[in-house]
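# Observations on the three-dimensional arrangement
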2 protein chains.
Amino acid sequence: MSKKRATLIDVAKLSGLSTGTVSRVLNGHPSVSDEARKKVEDAIKKLNYVPLSTARSLAKGVSNVIMLSMIEENPILPSTWRYELPVIQGIYDCLRDTPYNLQVGIGFVEEAQKSKFFENLLKDKYIDGLLILGSWPIDHRSLIYLEERNIPYVLIGCRSSVPTRAEVNFDNHGAVVEVIEYLVQLGHTKFALIGGLKEQLHMVDRAKGFRDALLARDLKVYPNLIKFGDYQIDSGYRLMLELLEEDPRPTAIICGNDLMAAGAIKAIHDKGYKIPSDFSVVGFDDSEISKVVDPPLTTIKAPTFEMGNLAVEKLCSMIQQKDMELEEIAILPCELIIRSSTGECNQKN
Amino acid sequence: MSKKRATLIDVAKLSGLSTGTVSRVLNGHPSVSDEARKKVEDAIKKLNYVPLSTARSLAKGVSNVIMLSMIEENPILPSTWRYELPVIQGIYDCLRDTPYNLQVGIGFVEEAQKSKFFENLLKDKYIDGLLILGSWPIDHRSLIYLEERNIPYVLIGCRSSVPTRAEVNFDNHGAVVEVIEYLVQLGHTKFALIGGLKEQLHMVDRAKGFRDALLARDLKVYPNLIKFGDYQIDSGYRLMLELLEEDPRPTAIICGNDLMAAGAIKAIHDKGYKIPSDFSVVGFDDSEISKVVDPPLTTIKAPTFEMGNLAVEKLCSMIQQKDMELEEIAILPCELIIRSSTGECNQKN
DNA sequence: TTGTAAGCGTTATCAG
DNA sequence: CTGATAACGCTTACAA
């Protein structure tokens, strides 16, 4: 049953041409006569020949492999999954027009914050470029290894303490600024933040956006109204209960994700208040949850698919022109999706 | 900057030994003197040498690549994402103890139902084995290609019209039977099904489980209480409204996923009924949504991580013993998670 | 336009 | 236990 697979030499024999010519046909080289091309193509078809990628790689000195390393919380958070799969889709979508194959590796945040992370990950691997998808700081010593090895890489959603060649991210800061602008128009002045994991990079940027937006409007930043949880529903619930006891009491609450917003909404309802008449609540992610909760959630949608696309584009151009010196970081805008969990501020000041 | 990477020959020179010996050290071959081994290891360290995987593959005749092909609805459904990422995690978790690298390819259902799907997908690729992750029928002619090429493969969550070598799935049928048993104990006799996409394999099996469970209990299967939607919240809402008009009116509703269940709950509430006193509602997936809706949803959790693990185990053993004839299909049990959307049937019969 | 042959970096088979 | 040396399948000067 297991007939040996045909090789390029078999094709050459059958077509009566040389291996060189066959190879040229395979690689779309211009200087091949139509006649020869035809013969080779027939032989290929007849033999069911498929070139062996490893042999090709070896001869050409390229691997045609791009590796995606996903750096995950441990245990992995559902909202991370929800964010990462569209990114992967975007990556693959862009990659299918290229000769590159996509290989994946999954690591944990703790590992990526140690120095030999990529060295270990890439042990025994031969890749042309690396995509790094994560939400936590990357140990810069790991990145040095990539530089030494001359492996082009693009960071997606994460960064290191030292500046890196190329980064793709969405605009956490701007998104929060935008939603606060919107809420200020509605008359809100007392804002609270129910954050997710405090050290996570997206959250760091959003917290900064939160402060900056308020300061820009000459609104007061109340430290007691800024709290952090763990992106799970329960922490949203708990933190909202705390907020209801604070002084001043906020009228608008920005949450780290839709799930925490759902928890906050539950807390508000449990205490007998109404949304949006008593409180405006904003989520993040535009997940299904935002449509399921009552009232439907105003939320922020990150351009995940586009991020994947752009990251691949950048990586490919880095691979082409090996020594580009660009140190470029792309920040894509988010979309504010307004539903009914936000409304006019009814509290007299 | 881009110093050439060291090769095995460099290591041989520096250590004063032959390439053969270096190779033996690399591959943990027993017949190497401790002294030689030490010298080689020193040289490797000094040169920062890493073997080139493609050269290795070529010489050994294996690729060390396992490909995961994900077959998706178009556009991709969020609930599919939610299911697939844990499977991938399970796959990777098992693979990191092996020499195999994981490569991924994403295709759409329409493509996989045509005959040349895998031929196209694997064009120019050299893999040792294939994992096929999907929820829709696979064209069996595509699989013939794999057989001819002698590429071991494992289907995850899907199947073809002809029996295949190895399949891993979760027990859709049994899960529905179990939940109906549970509801029967609570006194329910009139069951409705709000299905997801009707032709999708998981749904096919669940619908069959639905009928079988009722018949086994000598309960009537009302065709007008079996409806199919598209796994989105709106169709759950709409179909529930329809069910409220049917005769007989069901008291227990099994939904295709948590999202449709959320829609159904909304419809029930909108019409002024209570859960679980008037209706019991069951979801599927144990997604975050099941904890967000009110009341929290009784649902079914599939062993996604374990499926990934098992699939890899199977594939690896198929790769080892090339011509195993097993035609084995593994069905893993689901977990019924009881929350408060289900309860005693209060309707007098 | 085509053929020849020398690599690409490893492994594996033989002798020694 | 070790060293030559021929594969592995393909690409690519270089010649013709």
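Residues numbered from 1 in each chain as written. Chains lettered and ligands numbered in written order. Predicted model: local features only at pLDDT ≥ 70, side-chain atom pairs only at ≥ 80, totals over all residues. Heavy atoms only, no water.

## What about the relation of the copies chain B and chain A?
So the rule is basically this: Copy-to-copy superposition: least squares on the C-alpha atoms, limited to residues that have pLDDT of at least 70 in both copies. Only heavy atoms matter for contacts: two residues are in contact if any of them lie within 4.5 Å across the pair.
For the match of chain B to chain A, the screw axis carries a shift of 0.1 Å, the RMSD comes to 0.2 Å, and the turn is 180°. Taken together, the rotation and translation relating the two chain copies correspond to the operation of a two-fold axis. Looking at the rotation axis and the C-alpha trace of chain B, the residue lying nearest is Gln 103 of chain B, at 2.0 Å. Most of the interface of chain B is mirrored in chain A, where 98% of its interface residues again form contacts.

## Topic: the side chain of Ser 63 of chain B
Residues and elements named next belong to chain B. As a reminder, the rule being used: By definition, any uninterrupted DSSP run of H or I lasting at least four residues is a helix, any uninterrupted run of E lasting at least two residues is a strand, and each is numbered from the N terminus. N or O atoms within 3.5 Å of each other form a polar contact, as long as, within protein, one can give a hydrogen and the other can take it, and as long as residues adjacent in sequence are counted only when both atoms are side-chain atoms.
Relative to the elements of secondary structure, Ser 63 occurs in the loop between α4 (53-60) and β1 (65-72). At a separation of 3.1 Å, a polar atom in the side chain of Ser 63 contacts the main-chain amide nitrogen of Val 65. In terms of polar contacts, Ser 63 uses its side chain to reach the backbone carbonyl oxygen of Tyr 126, at 3.2 Å. Aside from chain neighbours lying at most four places away, what touches Ser 63 is Ser 57, Tyr 126, Ile 127 and Asp 128.

## Some words on the protein's contact with DNA strand C
Where we set the bar: Note on terminology: near, applied to a residue and a molecule or strand, indicates that one of the residue's heavy atoms is within 4 Å of it.
By nearness alone, 26 residues border DNA strand C, and Arg 24, Ser 31 and Ser 33 of chain A together with Leu 8 and Tyr 49 of chain B come closest of all. Close to the protein, within 4 Å, the atoms of DNA strand C belong to sugar or phosphate groups at a rate of 62%. The contact in question runs from a phosphate oxygen of DNA strand C to an N or O atom on the backbone of Ser 18 of chain A, over 2.9 Å. The separation between a phosphate oxygen of DNA strand C and a polar main-chain atom of Leu 8 of chain B is 2.5 Å. Those elements that provide at least two residues to the surface near DNA strand C are α2 (19-26) and α4 (53-60) of chain A together with α2 (19-26) and α4 of chain B.

## Looking at the packing of helix α1 (residues 8-15) of chain B against helix α3 (residues 34-47) of chain B
Residues and elements named next belong to chain B. Defined as follows: The axes used here are C-alpha line fits, helices contributing only the stretch in contact, and every angle between their N-to-C directions lies in the interval 0 to 180 degrees. Put simply, angles under 35 degrees are roughly parallel, angles over 145 are roughly antiparallel, angles from 65 to 115 are roughly perpendicular, and the rest are oblique. The sense of a crossing depends on the near helix, which, turned anticlockwise from the far helix by less than a right angle, makes the crossing left-handed and, turned clockwise, makes it right-handed. Lys, Arg, Asp and Glu make up the charged group, whereas Ala, Val, Leu, Ile, Met, Phe, Trp, Tyr, Cys and Pro make up the nonpolar group; the residues left over, Gly among them, are polar.
Remark: α1 packs on α3, axes separated minimally by 9 Å, with the N-to-C direction vectors making an angle of 120°. Looking at the two axes, α1 sits oblique to α3. Here the hand of the crossing between α1 and α3 comes out right-handed. Two secondary-structure elements touch here, α1 through Asp 10, Val 11, Leu 14 and Ser 15 and α3 through Lys 39, Val 40, Ala 43, Ile 44, Lys 46 and Leu 47. Partitioning the contact of α1 with α3 into residue classes produces 6 nonpolar, 1 polar and 3 charged.

## Notes on the interface of chain B and chain A
Formally: The buried area of a pairing is the accessible area, by a 1.4 Å probe, that goes missing from both parts when the two are put together, added over both.
Counting residues at the interface gives 47 residues for chain B and 46 residues for chain A. Both sides of the chain B and chain A interface together cover about 4,600 Å² of buried area, and 63% of this is carbon and sulfur. At the junction of chain B and chain A, the tally comes to 10 residue pairs in polar contact (both at pLDDT 80 or more). A per-element tally of the side of chain B that touches chain A places helix α5 (residues 78-95) of chain B first, with 8 residues. For the side of chain B that touches chain A, the per-class residue count stands at 27 nonpolar, 10 polar and 10 charged.

## Some points on the protein's contact with DNA strand D
Taken together, the neighbourhood of DNA strand D is formed by 24 residues, with Leu 8, Tyr 49 and Arg 56 of chain A together with Arg 24 and Ser 33 of chain B sitting nearest. Sugar and phosphate atoms represent 65% of those atoms of DNA strand D found within 4 Å of the protein. Contact between DNA strand D and Asn 27 of chain A: a phosphate oxygen at 3.2 Å from a side-chain N or O atom of the residue. Take Leu 52 of chain A: an N or O atom from its main chain is 3.2 Å from a phosphate oxygen of DNA strand D. Classifying every residue of the surface near DNA strand D by side-chain character gives 11 nonpolar, 9 polar and 4 charged.

## Here's the deal with unusual backbone geometry
The amide bond that connects Asp 294 of chain A to the next residue, Pro 295 of chain A, takes the cis arrangement and shows omega of 0°. Within the secondary structure, Pro 295 of chain A is located in the loop between α13 (289-292) and β10 (299-301). The omega torsion across Ile 275 of chain B and Pro 276 of chain B is 5°, close enough to zero to call that bond cis. A positive phi angle, near 70°, is found at Asp 124 of chain A, a position not held by glycine.

## Some details on helix α8 (residues 140-149) of chain B
All names here are of chain B. Stated precisely, the cut-off is as follows: Any residue under 20% of the maximum accessible area for its type is buried, any over 50% is exposed, and the rest in between are partly exposed; the area is computed with a 1.4 Å probe on protein chains only. Relevant arc is that of directions from the helix axis to the C-beta atoms, nothing else.
Residues of α8 that are buried: Ser 142, Leu 143, Tyr 145 and Leu 146. Across the axial projection of α8, the buried residues extend over an arc of 145°, all falling on one side. Within two residues after α8, Asn 150 carries a phi angle of roughly 60°, on the positive side.

## Regarding the pattern of salt bridges
Threshold: By convention in these notes, a salt bridge is any Lys or Arg side-chain nitrogen within 4 Å of a carboxyl oxygen on Asp or Glu.
Within this structure, the stated rule accounts for 32 salt bridges over all chains. The salt bridge involving Asp 42 of chain A is made with Lys 38 of chain A; its shortest N-O contact spans 3.0 Å. With Asp 42 of chain A and Lys 38 of chain A both in helix α3 (residues 34-47), this residue pair falls 4 residues apart, about one helical turn. Using a relative accessible area of 38% as the deciding quantity, one classes Asp 42 of chain A as partly exposed. Here Lys 38 of chain A falls in the partly exposed class, since its relative accessible area comes to 47%. Across the salt bridge formed by Lys 301 of chain B and Asp 286 of chain B, the nearest N and O atoms sit 3.7 Å from each other. With Lys 301 of chain B in strand β10 (residues 299-301) and Asp 286 of chain B in the loop between β9 (280-282) and α13 (289-292), this residue pair connects regions lying 15 residues apart in the sequence.

## Structural notes on the packing of α1 of chain B against α2 of chain B
Residue and element names in this part refer to chain B. Relative to each other, α1 and α2 sit at 110°, their axes nearing to 9 Å. The orientation of α1 relative to α2 falls into the category roughly perpendicular. On α2, the residues touching Leu 8, Ile 9, Val 11, Ala 12 and Ser 15 of α1 are Thr 19, Val 22, Ser 23 and Leu 26. Tallied by class, residues from the contact of α1 with α2 come to 6 nonpolar, 3 polar and no charged.

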